[in-house]
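Architecture at a glance
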Protein chains: 2
Amino acid sequence: MSTTDTIAAIATPPGQGGVGIVRISGSKVWKIADEIFQGLETPSKAKGGTFLHGKVTAADGTQIDEALCLIFRAPKSYTGEDTIELQGHGGPVVLKKILRRCLDAGARMAEPGEFTKRAFLNGKMDLVQAEAVADLIHAQSDRAAKAALEQLEGGLSKQFNALYDGLMETAADIETTLDFVEDELPEDVFPNLGKKLDASFQTLETLLATWDEGRLLREGARVVIMGRPNAGKSTLFNALLGSDRAIVTAIAGTTRDIIEESFVLDGVPLRILDTAGLRETECLIEQEGIRRARAHSVSADIALYLIDSSQPVSAEDQEHLLKLDPKRTVVVLNKADSRHPNFQFPISNFQSLESSLISGAGVADLKAAIAAKLEAGVNLNAPAHAVISERHRNLLELAKVELISARGQVSEGGEEAAAQAADHLRAALEALGQVTGRVYHNELLDNVFSRFCIGK
Amino acid sequence: MSTTDTIAAIATPPGQGGVGIVRISGSKVWKIADEIFQGLETPSKAKGGTFLHGKVTAADGTQIDEALCLIFRAPKSYTGEDTIELQGHGGPVVLKKILRRCLDAGARMAEPGEFTKRAFLNGKMDLVQAEAVADLIHAQSDRAAKAALEQLEGGLSKQFNALYDGLMETAADIETTLDFVEDELPEDVFPNLGKKLDASFQTLETLLATWDEGRLLREGARVVIMGRPNAGKSTLFNALLGSDRAIVTAIAGTTRDIIEESFVLDGVPLRILDTAGLRETECLIEQEGIRRARAHSVSADIALYLIDSSQPVSAEDQEHLLKLDPKRTVVVLNKADSRHPNFQFPISNFQSLESSLISGAGVADLKAAIAAKLEAGVNLNAPAHAVISERHRNLLELAKVELISARGQVSEGGEEAAAQAADHLRAALEALGQVTGRVYHNELLDNVFSRFCIGK
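The structure presented is a predicted model; accordingly, all values stated were derived computationally and were not measured.

Points about the overall build of chain A
Tallying secondary structure elements over chain A gives 15 helices and 13 strands in all. Taken over C-alpha atoms, the radius of gyration comes to 29 Å for chain A, far larger than the 23 Å a tight globule of 456 residues would show. Dimensions of chain A, computed from C-alpha atoms along their principal axes, come out at roughly 85 × 80 × 40 Å. The burial tally for chain A puts 53% of its 456 residues in the buried class. Contacts in chain A between residues at least 24 apart in sequence constitute 67% of all its contacts with a sequence separation of at least 6. Surface summary for chain A: the accessible area is close to 19,400 Å², and the carbon and sulfur share equals 51%. Measuring between centres, the 48 positive side-chain charges of chain A sit 8 Å from its 64 negative side-chain charges.

Here it is, written out as structure tokens:
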């Protein structure tokens with residue numbers, strides 16, 4: 001794939017809106033623009049930083065849409081290449097027709113993230129910044145957006161670069177020792193190298209520590225609602241969302257599919273899942289729903305387990321609870337206003353609270369309890385800051401292993417150990433280099449950009 | 001509401017994409033732009049038709065997003081007013097932050113369609129063209145998009161204007177006759193006026209005749225799938241869509257809710273509805289589903305009634321069919337490959353065809369049968385052309401009534417009748433004037449623009 005072939009894609013979100021954009025970037029952009037766009041001025045002759053009024057026309061000259069044509073001259077564009085943006089009406093059919101026309105005129109359909117990939121390849125941003133573009137677009141909360149923007153502006157890259165440069169310097173220092181006969185070296189050489197490595201290790205650990213928060217901000221915390229049929233799960237789901245998303249009836253087994261919705265609590269996006277009631281059932285559809293509910297409880301960050309306290313406590317509830325992790329579970333004793341005289345919640349190691357969801361009582365307490373569980377991952381009192389992603393973490397963990405090995409060799413001292421320490425540091429640098437993209441290969445780029453939307 | 005206050009809205013579709021736009025229009029736009037946008041150049045000093053690179057900042061100076069700022073100087077803008085467009089990252093959270101910042105800096109949230117309403121009030125387009133903007137955005141098929149574009153370019157306005165001008169001329173002619181003593185008038189005056197009115201009437205009827213097609217293109221034809229449980233309704237639904245949208249099991253009563261999806265057949269958008277199987281049931285949820293299925297069959301353009309022909313024909317099927325309109329119904333005899341020896345389809349006035357949906361046999365025939373039913377409303381062989389909307393039709397019907405009255409009076413002849421004919425024509429012109437917006441009042445504009453999306 002050459003970076004000079006010309007790519008096109010719809011750059012605005014799918015669906016209906018006032019305005020939509022088709023972006024075209026690459027060496028053939030002016031030829032294509034002149035062919036498909038008719039305005040007072042010819043696109044290929046227009047100055048960068050200007051836009052033209054006109055229309056996009058089909059090959060037979062009939063009009064496809066009224067449009068603006070924005071002119072970007074390399075390197076002053078998102079990709080760093082010559083680029084135009086055709087701004088037409090924001091209807092899916094119209095935009096697809098404009099895109100189709102661009103493809104017929106010689107562009108090819110852009111891959112997901114390919115515009116940003118070109119920006120990276122043309123040195124407009126490093127890989128961590130490129131990833132921040134996707135994070136910013138996908139941000140589900142203010143806090144997540146701020147973290148992504150700081151990353152986009154280089155806040156995270158700076159820390160990675162400092163770590164990289166520090167290790168690079170130490171690696172060079174270690175290699176210098178190899179040029180000396182051993183007893184010519186000052187006595188404190190290895191201890192000093194060790195201190196430097198310790199400092200780098202500390203920086204690496206600080207970066208790694210942002211991972212939990214990074215995951216919660218990017219993916220949202222998964223909160224799964226569980227319990228026996230008719231405990232009030234769908235009512236709780238609707239109460240948390242403040243809407244009537246799930247169908248609520250008095251009929252046990254109303255919810256069969258997993259229903260998922262998002263909302264933001266204290267700046268952290270939550271993905272909240274309503275599940276089928278847990279019970280023995282002959283119904284195949286319901287059995288599948290219950291199987292899915294159990295599977296989701298394993299991967300959830302927080303499980304809300306609902307118990308109907310207007311009934312005597314059931315052995316089944318106790319059985320289900322034993323399968324859950326008390327640290328990640330909040331037990332909600334619902335229908336507390338008509339509590340059964342024999343009801344008693346017997347499992348002391350679970351956090352529990354009371355609610356009467358029909359009247360809304362207990363919802364605020366429950367939100368506070370969820371927020372408290374989230375605090376384990378996110379310091380909600382600290383201002384939003386750039387946080388590492390899973391890809392960063394995996395590479396940092398690789399680097400960490402190498403760094404620990406290098407540190408061990410440096411403690412040992414001597415030429416042999418120094419040579420091995422240098423090798424380990426090279427390997428650590430190789431991993432770290434892939435974070436910002438100082439070092440990259442096609443597979444790495446494919447992996448990074450495949451999670452982008454088409455058109456970015 | 002003054003047209004000089006400054007409005008702002010997100011102009012791109014909701015959801016995630018590469019790029020999103022916040023549009024701001026009105027007298028305070030430069031003050032707001034200078035306050036919230038920092039680039040190399042100051043927006044208020046930049047030339048129209050240019051765009052600036054920079055960032056949108058919060059009141060405390062922190063960055064909200066990187067952005068472009070497009071400069072539109074009145075009257076060269078969509079609204080005809082001074083306008084900017086801030087093009088940021090296409091994430092919902094980021095765009096809402098940019099919008100919020102605009103509002104804090106003095107803009108107010110735009111109403112649905114308010115940018116287009118200003119374009120209308122500032123003489124950039126008439127009301128029929130303004131409506132075409134929404135039609136183009138909402139177009140669900142190529143044919144609908146072409147029809148909307150022709151309307152946007154004035155194709156429909158021209159016909160309305162010709163009708164209006166013709167009637168205006170006739171009205172003036174009639175009023176002229178009032179200045180004469182009756183026996184001074186040439187003998188052929190009233191017959192000639194009658195001919196002119198007949199011509200106008202013909203034009204009006206031609207316009208009215210595009211209504212069926214207009215409705216189908218704008219709203220899509222509603223196709224409802226009905227039948228007894230397990231006839232294969234959800235299988236047919238999925239086969240028409242070419243996807244596994246509906247859950248299919250061998251369990252009768254799997255589909256409870258109405259499931260709706262769209263697809264395009266021969267340029268006409270179809271909204272296809274899968275419904276609950278028709279049967280006697282104790283289940284409240286299923287009963288509600290069946291009630292809804294029946295309600296939908298009444299308003300559908302086409303009903304597909306599925307019968308399981310691997311079973312002897314049932315009295316229930318015959319009973320259900322008797323409630324449907326043969327002109328709008330296609331009976332599908334499914335499971336034809338294992339047809340029951342005693343199966344016989346007895347109701348001869350219904351069009352029927354055979355299928356074996358599990359293998360896909362019969363789907364192409366069924367699509368052809370649907371297209372044939374659609375031909376009643378749309379001449380699929382004619383090229384796409386602008387077609388009237390329901391609002392246009394209602395006003396045309398009003399005008400038609402007046403026109404018929406006027407024609408009657410003109411046939412009668414004489415001063416008294418001429419005066420009444422003139423009154424009727426004024427009333428017809430009043431109705432027609434509201435189509436293109438020569439005549440308008442607030443309620444009319446509210447009605448037209450309320451169906452727009454916000455940001456257009």
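Quick word on the interface of chain A and chain B
With 56 residues of chain A in contact, the opposing surface of chain B contributes 56 residues. For the pair chain A and chain B, the summed buried surface comes to about 4,400 Å²; carbon and sulfur atoms form 63% of the total. Its largest share of buried area at the contact with chain B, chain A owes to P13, Q16 and F51 of chain A, together 14% of the area lost on that side. At the boundary of chain A and chain B, one finds zero salt bridges. Our enumeration of links across chain A and chain B arrives at twelve residue pairs in polar contact (both at pLDDT 80 or more). Take the side of chain A that touches chain B: its biggest share by element is eight residues, from strand β5 (residues 63-72) of chain A.

Some details on the pattern of salt bridges
All chains considered together, the criterion is met by 54 salt bridges over all chains. Linking D301 of chain A and R215 of chain A is a salt bridge whose minimum nitrogen-to-oxygen distance equals 2.6 Å. Note that D301 of chain A is positioned in the loop between α10 (284-299) and β11 (302-308) and R215 of chain A in helix α8 (residues 211-219), a separation of 86 residues in sequence. Classification of R215 of chain A as partly exposed rests on a relative accessible area of 22%. The partner of E81 of chain B in a salt bridge is R118 of chain B, with the nearest N and O atoms 3.0 Å apart. Of this pair, E81 of chain B sits in the loop between β5 (63-72) and β6 (83-89) while R118 of chain B sits in helix α3 (residues 114-121), and the two are 37 residues apart along the sequence. In terms of burial, E81 of chain B and R118 of chain B fall into one category: buried. If you follow the salt bridges from partner to partner, you end up with D5, E81, R108, E114 and R118 of chain A in one network.

What to know about the sheet that holds strand β12 (residues 329-334) of chain A
Residue and element names in this part refer to chain A. Strands sit in the order β9-β10-β8-β11-β12-β13 across an open sheet of six strands; the sheet is mixed. The open sheet terminates on both sides in strands that have one partner only, identified here as β9 (259-265) and β13 (351-354). Sheet twist, expressed as the average angle between the axes of neighbouring strands with direction ignored, equals 25°. One ladder, built from four bridges, connects β12 with β13; its direction is parallel. Its bridge partner being in β13, V332 is matched across the sheet by L353. Each of β8 (221-227) and β10 (268-274) touches α8; the most contacted strand, β10, lies at about 65° to it.

A look at the side chain of E81 of chain B
For E81 of chain B, a relative accessible area of 10% corresponds to the buried category. A polar contact of 2.5 Å, which involves the side chain of E81 of chain B, links it to the side chain of S25 of chain B.

Focus on the packing of helix α7 (residues 189-208) of chain B against helix α13 (residues 390-412) of chain B
Geometrically, a packed helix pair is captured by the angle between its two axes and the distance between the axes. Residue and element names in this part refer to chain B. Direction vectors running N to C along α7 and α13 enclose 160°, while the axes themselves pass 10 Å from each other. Classified by the angle between their axes, α7 and α13 sit roughly antiparallel to one another. In this structure, α7 meets α13 at a crossing whose hand is left-handed. Residue-level inspection shows F190, L193, G194, L197, D198, S200, F201, L204, E205, L207 and L208 of α7 in contact with α13, the latter providing R393, L396, E397, A399, K400, L403, I404, A406, R407 and V410. Residues belonging to the contact of α7 with α13 are distributed by class as follows: 13 nonpolar, two polar and six charged.

Remarks on the environment of K47 of chain B
All names here are of chain B. With respect to the secondary-structure elements, K47 resides in the loop between β3 (37-39) and β4 (51-57). Overall, K47 belongs to the exposed group, its relative accessible area being 63%. Between the C-alpha atom of K47 and that of F115, which follows or precedes it by 68 residues, the distance is 21 Å.

What about the relation of the copies chain A and chain B?
The transformation that overlays chain A on chain B combines an axial shift of 0.0 Å with a rotation of 180°, and the residual RMSD is 0.1 Å. Each copy turns onto its partner about a two-fold axis. It is T50 of chain A whose C-alpha, among those of chain A, lies nearest the rotation axis, at 2.1 Å. When the interface residues of chain A are mapped onto chain B, 100% of them again fall at the interface, so both copies present the same face.

Some points on the pairing of strand β1 (residues 7-10) of chain B
Residue and element names in this part refer to chain B. Where β1 meets strand β2 (residues 19-25), four bridges bridge the pair, whose relative direction is antiparallel. Pairing of A8 across the sheet is with I24, part of β2. Alignment of β1 against strand β7 (residues 108-109), held across two bridges, turns out to be parallel. Bridge pairing in β7 places I7 opposite R108.

So, the nonpolar core
Core analysis: the largest hydrophobic core is formed by 53 residues, its most contacted members being V22, I24, I84, L86 and I98 of chain A together with F449 of chain B. In terms of nonpolar packing, the next biggest core, distinct from the first, is built from 52 residues, M125, I137 and L444 of chain A together with A58 of chain B among them.

Structural notes on the domain arrangement of chain A
Residues and elements named next belong to chain A. Looking at chain A, the domain boundaries give domain 1 (7-124), domain 2 (129-210 + 388-437) and domain 3 (219-374). Across the domain 2 to domain 3 interface the summed buried area is about 390 Å²; carbon plus sulfur atoms make up 54%. On the domain 2 side of the interface with domain 3, the three residues burying the most area are Q140, S141 and R143, jointly 89% of the side's total. On the surface where domain 2 and domain 3 come into contact, there are one residue pair in polar contact (both at pLDDT 80 or more). Its residues assigned to classes, the side of domain 2 that touches domain 3 comprises one nonpolar, two polar and two charged.

Remarks on helix α5 (residues 142-152) of chain B
All names here are of chain B. Among the eleven residues of α5, eight are classified as buried, and the element is accordingly described as predominantly covered. Within α5, the full set of buried residues consists of R143, A144, A145, A147, A148, L149, Q151 and L152. Positive backbone phi, approximately 105°, marks G154, located one or two places after α5.

What to know about the sheet that holds β5 of chain A
Spatially, the seven strands line up as an open sheet ordered β3-β4-β5-β6-β2-β1-β7 (chain A), and their pairing is mixed. Each end of this open sheet is capped by a strand with a single partner; those strands are β3 (37-39) and β7 (108-109) of chain A. Here β5 of chain A runs beside strand β6 (residues 83-89) of chain A; their pairing, made up of five bridges, is antiparallel. Residue pairing for β6 of chain A: I71 of chain A is matched across the bridge by I84 of chain A. Of the strands in this sheet, β5 and β6 of chain A touch α5 of chain B, which is tilted by about 80° from β5 of chain A.

Digging into the confidence of the model for chain A
Confidence in the prediction of chain A, expressed as mean pLDDT, is 90, and 96% of residues score 70 or more. The complex prediction reports pTM at 0.83, with the ipTM value standing at 0.83.

Quick word on the packing of aromatic side chains
Across all of its chains, the model carries six aromatic pairs over all chains by this definition. Measuring from ring centre to ring centre gives 5.1 Å for F449 of chain B and F452 of chain B, while their planes differ by 45°; the resulting arrangement is tilted. Accessibility classification places F449 of chain B together with F452 of chain B in one group, the buried group. A cation sits over an aromatic face here: K456 of chain A above Y78 of chain A, 4.4 Å from the ring centre. One residue, R73 of chain B, lies across the ring of W30 of chain B, its end atom 4.0 Å from the ring centre.

Parameters at a glance
- One numbering rule holds for all chains: residues counted from 1, following each sequence as written.
- Written order decides the labels, with chains lettered from A and ligands numbered from 1.
- Local features in this predicted model are restricted to residues of pLDDT 70 or higher, and side-chain atom pairs are both shown and tallied only at a pLDDT of 80 or more, whereas totals for entire chains, interfaces and linings draw on every residue.
- No hydrogens and no water enter the side-chain calculation; it runs on all heavy atoms of the structure.
- The numbering of helices and of strands both runs from the N terminus, where a helix is a DSSP run of H or I of at least 4 residues and a strand a run of E of at least 2.
- Throughout, the radius of gyration refers to the C-alpha atoms, and the reference size of a globule is 2.2 Å times the residue count to the power 0.38.
- Three exposure classes are used, based on accessible area relative to the maximum for each residue type with a 1.4 Å probe and protein chains only: buried under 20%, partly exposed in between, and exposed over 50%.
- Only heavy atoms enter the contact rule, under which two residues are in contact if any of them lie within 4.5 Å.
- Accessibility throughout is a Shrake-Rupley quantity obtained with a 1.4 Å probe, and a residue counts as covered only by protein chains that appear here.
- Note that His is not counted, nor are the chain ends; the positive residues are Lys and Arg, and the negative ones are Asp and Glu.
- A charged residue contributes its charge at one atom only: NZ of Lys, CZ of Arg, CG of Asp or CD of Glu.
- Buried area is calculated as the accessible area (1.4 Å probe) missing from two parts once they are joined, with the contributions of both summed.
- We count a salt bridge whenever a side-chain nitrogen from Lys or Arg sits within 4 Å of a carboxyl oxygen from Asp or Glu.
- Two N or O atoms count as a polar contact when they lie within 3.5 Å, although within protein this holds only if one can serve as hydrogen donor and the other as acceptor, and sequence-adjacent residues are included solely when both atoms are side-chain atoms.
- Strands are treated as partners if at least two bridges between them are detected by DSSP.
- Only the contacting stretch of a helix is used when fitting its axis, a line to C-alpha atoms as for every element, and angles between N-to-C directions run 0 to 180 degrees.
- We call two directions roughly parallel when the angle between them is under 35 degrees, roughly antiparallel when it is over 145, roughly perpendicular when it lies between 65 and 115, and oblique otherwise.
- Note on convention: the crossing is left-handed when the near helix lies turned anticlockwise from the far helix by less than a right angle, right-handed when the turn is clockwise.
- Residue classes follow a fixed rule: Ala, Val, Leu, Ile, Met, Phe, Trp, Tyr, Cys and Pro count as nonpolar, while Asp, Glu, Lys and Arg count as charged, and any other residue, Gly among them, counts as polar.
- Alignment of the copies relies on least squares applied to C-alpha atoms, considering only residues that score at least 70 for pLDDT in both.
- We call a set of buried Ala, Val, Leu, Ile, Met, Phe, Trp, Tyr and Cys residues a nonpolar core when their side-chain atoms join them within 4.5 Å.
- These domain boundaries are the output of an automatic or database domain assignment.
- Per residue, pLDDT captures the predictor's confidence, and it can take any value from 0 to 100.
- Note on aromatic pairs: the rings of Phe, Tyr and Trp (six-membered ring only in Trp) are paired at centre separations within 6.5 Å, and the planes decide the class, stacked below 30 degrees, edge-to-face beyond 60, tilted for the rest.
- By the criterion adopted, a ring carries a charge over it if an Arg CZ or a Lys NZ lies within 6 Å of its centre and within 35 degrees of its normal.

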